[in-house]
Amino acid sequence: RLPNYVTIKNVKISTTSPTTPQLSYTEISAISKKITDHITQNGNLPFRLLMNGKNVTVDDYLYAATTTTINLNINKKTTVPINKYSPPISILGTTATGKLTKTAYLQTAQNIKKYMEDNGRSPNYAKTTIGKVNYQSLIYAYARIINFYNKNGRLPNYVTIKNVKISTTSPTTPQL
């Protein structure tokens, strides 16, 4: 005879499907380095990256990078799901340039993360203390923030926003 009830203790419930691809902190760090290297060499963002067999768009990376930056502020290195975010509806051609303080870039990361979760796509720009920073420049800035953390063991006190183009085609997909 079976009991009428069963007591279950210490059960963790995942909010993501076991089949949802994830990016580890190590993978996010490697992509950050690849993005900054690509921009340095080519002057534009790659269209997409292939990381350990996972197709990572710059939109998925932007979500992972902003989430990671927020987590690094509390010294937390976690895995981030790849949610297949869409690109922005339009891309702001110009961008504000200058220095964003740590407080400003952390608040901007929170705003971008929330926007993406609410809308399923990247923003075409973010309003910051220096003005509207376009999509491309945001991706580059958060890649450099993560690279700085990996080199110095802390977040930078500020990040300099630079104007970056995005490649509209991808003749080759950078692989890691």
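Owing to the predicted nature of the structure, the values given are computational and were not obtained by experimental measurement. (Residues numbered from 1 in each chain as written. Predicted model: local features only at pLDDT ≥ 70, side-chain atom pairs only at ≥ 80, totals over all residues. Heavy atoms only, no water.)

Draft legend 1. Quick peek at the overall build of the chain. A count of helical and extended segments in the chain gives four helices and 10 strands. Counting from the amino terminus, the chain carries its helices and strands in the arrangement β-α-β-β-β-α-β-β-α-β-β-α-β-β. Across the 176 residues in the chain, those meeting the buried criterion constitute 41%. Of the contacts made within the chain by residues no fewer than 6 positions apart, 78% connect residues no fewer than 24 positions apart. Of the accessible surface of the chain, which amounts to about 10000 Å², a share of 51% is contributed by carbon and sulfur atoms. (Helix = DSSP H or I, 4+ residues; strand = E, 2+ residues; numbered from the N terminus. Buried < 20%, exposed > 50% of the residue type's maximum accessible area, 1.4 Å probe, protein only. Contact = heavy atoms within 4.5 Å. Areas by Shrake-Rupley, 256 points an atom, 1.4 Å probe, with all protein chains shown as cover.)

Draft legend 2. Here's a closer look at the packing of helix 3 (residues 102-119) against helix 4 (residues 135-152). Between helix 3 and helix 4, whose axes approach to 12 Å, the crossing angle comes to 120°. As far as their axial angle goes, helix 4 and helix 3 are oblique. The handedness of the crossing between helix 3 and helix 4 is left-handed. Facing helix 3, whose interface residues are Tyr105, Thr108, Ala109 and Ile112, helix 4 presents Leu138, Tyr142 and Ile145. (Axes fitted to C-alpha atoms, helices over the stretch in contact; angles between N-to-C directions. Parallel < 35°, antiparallel > 145°, perpendicular 65-115°, else oblique. Left-handed = near helix turned anticlockwise from the far one by under 90°.)

Draft legend 3. Examining the pattern of salt bridges more closely. Here the structure, examined in full by the defined rule, presents four salt bridges. A salt bridge links Lys33 to Asp37, with the nearest nitrogen and oxygen atoms 3.0 Å apart. Of this pair, Lys33 and Asp37 both sit in helix 1 (residues 25-42), four residues apart, which is roughly one turn of the helix. Accessibility expressed as a relative area gives 30% for Asp37, which makes it partly exposed. For Glu117, the salt bridge is made with Lys113, and the minimal N-O distance between the two is 2.8 Å. Here Glu117 pairs with Lys113, and both are found in helix 3, just four residues apart, close to one helical turn. Glu117 sits in the partly exposed class, given a relative accessible area of 41%. (Salt bridge = Lys/Arg side-chain N within 4 Å of Asp/Glu carboxyl O.)

Draft legend 4. Region of the structure containing helix 3. Taking 1.5 Å as the rise per residue, helix 3 with 18 residues should run 26 Å; its terminal C-alpha atoms sit 25 Å apart, in good agreement. Of all the positions in helix 3, only Ala104, Tyr105, Leu106, Thr108, Ala109, Ile112 and Met116 are classed as buried. Contacts made by the buried residues of helix 3 are with helix 2 (58-72), strand 6 (98-101), strand 7 (125-128), helix 4 and strand 9 (158-161). Note on helix 3: the residue one or two positions beyond its end, Gly120, has a positive phi of about 70°. (Expected span 1.5 Å × (residues − 1).)

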